[in-house]
Amino acid sequence: SSGINAEYGYDSPTCLQLMDIDYDKEPEILVGTYGSMLLVYKLYLTVDGAMKPVRKYIRNYNSPIFNICYSDITQDGLFEIILLSYNGLHILQRCLKTAAGYIGRILRDYTPTETCPFFSEHYG
């Protein structure tokens, strides 16, 4: 067999979340498992038109993962990954150097579709 399940063997997935964690406008697949693993996959289109999952990240948390959330809980403009496991709550924050590179690439490639003033005023 092929795909995500066959890659990591006999472990049981307990939760799944789709989110764009690398700022490329395409969601990654995050899988939490009963065997304590967080797996992150990216889907790539093969030459025959099929979607192939490729693992980009793996980490062991020493207890089963039961939920994955994605939120800006630090209110810094960058979303954190929040995991719930038997051992408690785990918050994964972005490496600021990596995030700055992603955001810089987005800003460099940005083409405004309309003109707007540098400042905008809002009245209540």
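Everything that follows concerns the structure shown earlier in this document.
About the criteria used
- Residues numbered from 1 in each chain as written.
- Predicted model: local features only at pLDDT ≥ 70, side-chain atom pairs only at ≥ 80, totals over all residues.
- Heavy atoms only, no water.
- Helix = DSSP H or I, 4+ residues; strand = E, 2+ residues; numbered from the N terminus.
- Buried < 20%, exposed > 50% of the residue type's maximum accessible area, 1.4 Å probe, protein only.
- Contact = heavy atoms within 4.5 Å.
- Areas by Shrake-Rupley, 256 points an atom, 1.4 Å probe, with all protein chains shown as cover.
- Pairing = 2+ DSSP bridges.
- Axes fitted to C-alpha atoms, helices over the stretch in contact; angles between N-to-C directions.
- Core = buried A, V, L, I, M, F, W, Y, C linked by side-chain atoms within 4.5 Å.
- Patch = residues over 30% accessible without salt bridge, like charges linked within 9 Å, V, L, I, M, F, W, Y side chains within 5 Å.
- Salt bridge = Lys/Arg side-chain N within 4 Å of Asp/Glu carboxyl O.
- Polar contact = N/O pair within 3.5 Å; in protein donor to acceptor, adjacent residues only side chain to side chain.

**A closer look at the overall build of the protein**
So, point 1. When its secondary structure is counted, the protein shows 2 helices and 7 strands.
So, point 2. Secondary structure elements of the protein, listed N to C terminal, follow the sequence α-β-β-β-β-β-β-β-α.
So, point 3. Put simply, the protein has 124 residues, and 29% of those count as buried.
So, point 4. Across the protein, every contact between residues at least 6 apart in sequence was considered, and the portion connecting residues at least 24 apart equals 32%.
So, point 5. If you sum the accessible surface of the protein, you get close to 9,000 Å²; carbon and sulfur atoms cover 57% of it.

**Points about the sheet that holds strand E7 (residues 88–92)**
So, point 1. An order of E5-E6-E7 is seen for the 3 strands of this open sheet, with the pairing classed as antiparallel. Of all the strands in the sheet, the pair left with one neighbour each is strand E5 (65–71) and E7. Neighbour-to-neighbour, the strand axes of this sheet turn through a mean angle of 20°, independent of strand direction.
So, point 2. Here 5 bridges tie strand E6 (residues 80–85) to E7, and the two strands are oriented antiparallel to one another. Following the sheet pairing, Leu 83 is matched in E7 by His 90.

**Concerning the nonpolar core**
So, point 1. In terms of nonpolar packing, the biggest core is built from 12 residues, these being Cys 15, Met 19, Ile 21, Leu 30, Leu 38, Val 40, Tyr 61, Ile 65, Ile 68, Ile 81, Leu 83 and Leu 92.
So, point 2. Put simply, the parts of the chain that give this core at least two residues each are strand E1 (13–19), strand E3 (37–45), E5 and E6.
So, point 3. Those residues in contact with Met 19 that lie beyond four places of it in its chain are Pro 27, Glu 28, Leu 30, Ile 68, Cys 69, Tyr 70 and Ile 81.
So, point 4. Within the second largest apolar cluster, 5 residues are counted, among which are Ile 29, Met 37, Leu 39 and Tyr 41.

**Overview of the environment of Phe 79**
So, point 1. Among the secondary structure elements, Phe 79 is positioned in the loop between E5 and E6.
So, point 2. A relative accessible area of 38% means that Phe 79 is categorised as partly exposed.
So, point 3. A C-alpha to C-alpha distance of 9.2 Å links Phe 79 and Leu 92, two positions 13 residues apart in sequence.

**Here's the deal with unusual backbone geometry**
So, point 1. The phi angle at Lys 25 is positive, at roughly 70°, despite the residue not being glycine.
So, point 2. Tracing the backbone through its elements, the reader meets Lys 25 in the loop between E1 and strand E2 (28–33).

**Comments concerning the sheet that holds E2**
So, point 1. One open sheet accounts for 4 strands, arranged E1-E2-E3-E4; its pairing is antiparallel. The two strands at the open ends of the sheet, each matched to only one other strand, are E1 and strand E4 (51–60). Adjacent strand axes in the sheet meet at a mean angle of 25°, parallel and antiparallel pairs treated alike.

**Topic: a nonpolar patch on the surface**
So, point 1. Among the surface-exposed residues, Ile 73, Leu 84, Leu 89 and Ile 91 lie close enough to one another that they form a single nonpolar patch of about 370 Å² accessible area.
So, point 2. Looking at the element boundaries, Ile 73 is found in the loop between E5 and E6.
So, point 3. Classification of Ile 73 as partly exposed rests on a relative accessible area of 43%.

**Topic: the side chain of Lys 42**
So, point 1. Summarising the element assignment, Lys 42 is placed in strand E3.
So, point 2. Of the polar contacts made by the side chain of Lys 42, one reaches the side chain of Glu 28; its length is 2.3 Å.

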